Amino acid sequence: MRYRFFLYGQLLKRDIESRYRGSMLGLAWPLLQPLSQLAVFTLIFFEFMQFRWPMTTGQFGQSAWDYAAQVLAGLAAFNFFAELLNRSPSSISSQSNFVTKLRFPLALLPAVNFGSAMLHLFTATLVLTLYQALTLGLSLDMLIRLGCLPVLMAPFVIYGLGLSLILSGLGVYFRDLQQVMPAITSLLMFLSPIFYPASAVPHALRPWFEFNPIGAAAEAMRYALLPSSHFQVDSWLWHGLSSLVFIAFSVLLFRRIRPGFADVL
């Protein structure tokens, strides 16, 4: 077990370094990429289309900075899942040399994608925490919420790990997944409450939106890091139970289809 943790650390380090090797800014890109997205979306939705975020604390939420903070929380959740959707289908099929090594734990390959996605989630959390500290200060209530963030995000992190396992395994057999996922990711960006709050979804459609883990993760991020959102315990409990069922199914499916990887590749 110890060598697996060591091997995972080496693979994760290699994956991150290979993505940014040769670039002038290096590891600054995990921070700059979501910030550049944020600047563009804030310009389009806040300035051009005049979107405003409904708030409950006085005038908070009426500036571009306030809107950007809400969108960044949503983008953090979305980018986490988007990276898994786009990279997981090729995580094993692109590493056929590992498949031929009978003793190599292939589950580490999708776990590397998961760890890389967690890095982006972590950097966005740091930015939002800094924003909170500079604008409204870190009150005791906000510190408690921030401390609860790992618990609030646990179901969605588990979803992500299960998703990485399933897509990486199926991607060996169905190469079309690599082409389909970018289109699905683009649709999910606008079908998730990233640029708008979950309360803006029409009541008739709201139950369907609540099944979306991206939207629920975005709302959990906003509750923990921003002073304007409400925490829905029933939604969190539902996703918590569902994520446990999902990860169990993912592990069983991965183990079931793993023996055929070598034949396909």
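Let me sum up the structure you'll find in this document. Within any chain, residue numbers begin from 1 and follow the written order of that chain's sequence. Residues qualify for local features only when their pLDDT is at least 70, as the model is predicted, and side-chain atom pairs are given and counted only at 80 or more; totals for whole chains, interfaces and linings, by contrast, use all residues. Side-chain measures here rest on the full set of heavy atoms in the structure, leaving out hydrogens and waters.

1. Details of the side chain of serine 168
No. 1: Within the element layout of this structure, serine 168 appears in helix α6 (residues 140-173).
No. 2: Look at serine 168 and you get buried, because its relative accessible area is 0%.
No. 3: Whether two residues are in contact is decided by their heavy atoms: any pair within 4.5 Å suffices. Residues contacting serine 168, with those up to four places away along its chain left out, are Ser88, Pro89, Ser91, Ile92, Pro110 and Phe254. Helix numbers and strand numbers start at the N terminus; a helix is a DSSP run of H or I with at least 4 residues, a strand a run of E with at least 2. Each residue's exposure class comes from its accessible area (1.4 Å probe, protein chains only) as a fraction of the maximum for that residue type: buried when under 20%, exposed when over 50%, partly exposed otherwise.

2. Overview of the pattern of salt bridges
No. 1: Whenever Lys or Arg places a side-chain nitrogen within 4 Å of a carboxyl oxygen from Asp or Glu, that contact is recorded as a salt bridge. One pass over the full model with this rule turns up two salt bridges.
No. 2: Glutamate 83 serves as the salt-bridge partner of arginine 87, at 3.4 Å between the closest nitrogen and oxygen. Of the two residues, arginine 87 and glutamate 83 are both situated in helix α3 (residues 64-87); the distance of four residues between them amounts to about one turn of the helix.
No. 3: Looking at arginine 87, the relative accessible area reads 22%, which means it is partly exposed.
No. 4: You can call glutamate 83 buried: its relative accessible area is 10%.
No. 5: Notably, a salt bridge pairs arginine 222 with glutamate 219, separated by 2.8 Å at the nearest N-O pair. Taken as a pair, arginine 222 and glutamate 219 lie in helix α9 (residues 213-225) at a separation of three residues, close to a single helical turn.
No. 6: Among the residues examined, arginine 222 registers a relative accessible area of 0% and is labelled buried.

3. Considering helix α10 (residues 233-257)
No. 1: What a helix should span is 1.5 Å times the count of its residues minus one. Spanning 25 residues, α10 covers 36 Å between terminal C-alpha atoms, matching the ideal 36 Å at 1.5 Å per step.
No. 2: Turning to α10, its buried residues are Ser235, His239, Gly240, Ser242, Ser243, Ile247, Ser250, Phe254 and Ile257.
No. 3: As for α10, its buried residues are in contact with α6, α8 (206-210), α9 and α11 (261-264).

4. Concerning the environment of serine 192
No. 1: Turning to its location among the elements, serine 192 is positioned in the loop between α7 (177-190) and α8.
No. 2: Distance in space between the C-alpha atoms of serine 192 and phenylalanine 209 is 7.3 Å, their sequence separation being 17 residues.
No. 3: Residues in contact with serine 192, not counting those within four places in the same chain, are Asn212, Ile214 and Gly215.
No. 4: Within the structure, the side chain of serine 192 is placed 2.7 Å from the side chain of asparagine 212, a separation counted as a polar contact. As used in this structure description, the phrase polar contact means that two N or O atoms lie within 3.5 Å; if the pair is within protein, one of them must be able to donate a hydrogen and the other to accept it, and residues adjacent in sequence are counted only when both atoms belong to side chains.

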